[in-house]
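Remarks on the overall topology
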Amino acid sequence: MRNCPYCGREITEGASVCRWCRSDLAVAPPGQAVVPRNSGKAIASLVLGIFPVVPLVGTILAIVFGHMARAEIRRSGGRLKGDGMALAGLILGYGVPVMILIIAAIAIPNLLKSKMAANQASAVASLRTLNTSEITYASTFNVGYSSSLAQLGPPASGDASSTAAGLIDSVLATGDKSGYSFIYTADLAGSSGRTNSYTIIAVPVSPGQTGQNYYFTDETNVIRQNTQSTASASDSPIGR
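Overview of the structure. Just so it is clear, the structure is predicted and the values come from calculations on it, not from any experiment.

1. Thoughts on the overall build of the chain
Tallying secondary structure elements over the chain gives 4 helices and 9 strands in all. What you see in the chain, going N to C, is helices and strands ordered as β-β-β-α-α-β-α-α-β-β-β-β-β. Per-residue burial for the chain yields a buried fraction of 34% across its 240 residues. In the chain, the proportion of contacts linking residues at least 24 apart, taken out of those at least 6 apart, comes to 42%. Working note: accessible area of the chain is about 13400 Å², and carbon and sulfur atoms make up 60% of it.

The structure is reproduced here in structure tokens:
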């Protein structure tokens, strides 16, 4: 009887394969212990886990080589070592995606809130611009307020007129800007066609994503807010 040079367990004389670890005994000198060598895949897993080179590809390779190395080491019957390196490579490889997911889970909601806050501030600023533009329009053209937002927009060519006063930018004149839609309603007075009053409602294009608050204003220049549904003249005014 003799001992297997790979796993150290007792085997019969003349055996060509260890019945315990299934190692090939023909490659090892009889009676001489084999010094295990490091698994190349384990080394690759660790290196790629620390230095992924191309981040996503590197971490994937670290995981693949880590699993391959551990399986290879288990099958080697003591000829290979480096399970610790392979495990470290796996931890690093799996750790990067997990950290990215954690950071994304924290950052995305905050970015969304910041974007909504910016859109809401822009909507209020746009309403103030529209109120100021209506005052300017009424005093310039002597026909009352405009009958549409488009009449406040820039002219396609030539000088400003009552149909294209050039008081607001072309984006706001379309009624959609920074995640909000602006619904303008003119109150025409009788057959004269003079607009004596108006209302503007600002609603988020995608509630809860592009904005949370709803706004209302009219010729009084007071901007009102509702956090649940479309704002109206009965809602509370926002602070200056």
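Next comes the rest of the write-up.
2. Brief notes about the pattern of salt bridges
Per the stated rule, a full pass over the model turns up 3 salt bridges. Here lysine 41 and glutamate 72 are joined by a salt bridge, their closest N and O atoms 3.1 Å apart. Here lysine 41 is found in helix 1 (residues 40-50), whereas its partner glutamate 72 is found in helix 2 (residues 55-75), with 31 residues between them in sequence. Since its relative accessible area comes to 23%, glutamate 72 is described here as partly exposed. Here aspartate 83 makes a salt bridge to arginine 70, at a shortest N to O gap of 2.9 Å. Residue aspartate 83 is found in helix 3 (residues 83-141), and its partner arginine 70 is found in helix 2; the two are separated by 13 residues along the sequence. By relative accessible area, aspartate 83 is classed as partly exposed at 29%. Residue class for arginine 70 comes out partly exposed when judged on its relative accessible area of 25%.

3. Describing a nonpolar patch on the surface
Together, Ile43, Val47, Ile50, Phe51 and Leu92 make up an exposed nonpolar region whose accessible area comes to about 440 Å². In terms of residue count, helix 1 provides more of the nonpolar patch than any other element does, 3 residues in total. On the accessibility criterion, phenylalanine 51 (56% relative accessible area) is exposed.

4. Some words on the packing of aromatic side chains
Scanning the entire structure with this criterion turns up 4 aromatic pairs. On the numbers, 5.0 Å between centres and 50° between planes, the contact of tyrosine 137 with phenylalanine 141 is tilted. In this pair, tyrosine 137 and phenylalanine 141 both sit in helix 3, 4 residues apart, roughly one turn of the helix. Here tyrosine 137 falls in the buried class, since its relative accessible area comes to 2%.

5. A few points about the nonpolar core
Counting residues in hydrophobic clusters, the biggest one holds 21 residues, and the most contacted among them are Leu127, Leu130, Phe182, Ile200 and Tyr215. Among the elements of the structure, helix 3, helix 4 (170-173), strand 6 (180-189) and strand 7 (194-204) are those that each provide at least two residues to this core. With sequence-adjacent residues up to four places away left out, leucine 127 is seen in contact with Phe182, Ile200, Ala202, Tyr215, Thr217 and Ile223.

Conventions adopted
Residues numbered from 1 in each chain as written. Predicted model: local features only at pLDDT ≥ 70, side-chain atom pairs only at ≥ 80, totals over all residues. Heavy atoms only, no water. Helix = DSSP H or I, 4+ residues; strand = E, 2+ residues; numbered from the N terminus. Buried < 20%, exposed > 50% of the residue type's maximum accessible area, 1.4 Å probe, protein only. Contact = heavy atoms within 4.5 Å. Areas by Shrake-Rupley, 256 points an atom, 1.4 Å probe, with all protein chains shown as cover. Salt bridge = Lys/Arg side-chain N within 4 Å of Asp/Glu carboxyl O. Patch = residues over 30% accessible without salt bridge, like charges linked within 9 Å, V, L, I, M, F, W, Y side chains within 5 Å. Phe/Tyr/Trp six-rings, centres within 6.5 Å; stacked < 30°, edge-to-face > 60°. Core = buried A, V, L, I, M, F, W, Y, C linked by side-chain atoms within 4.5 Å.

Any link to function would need more than the numbers given here.
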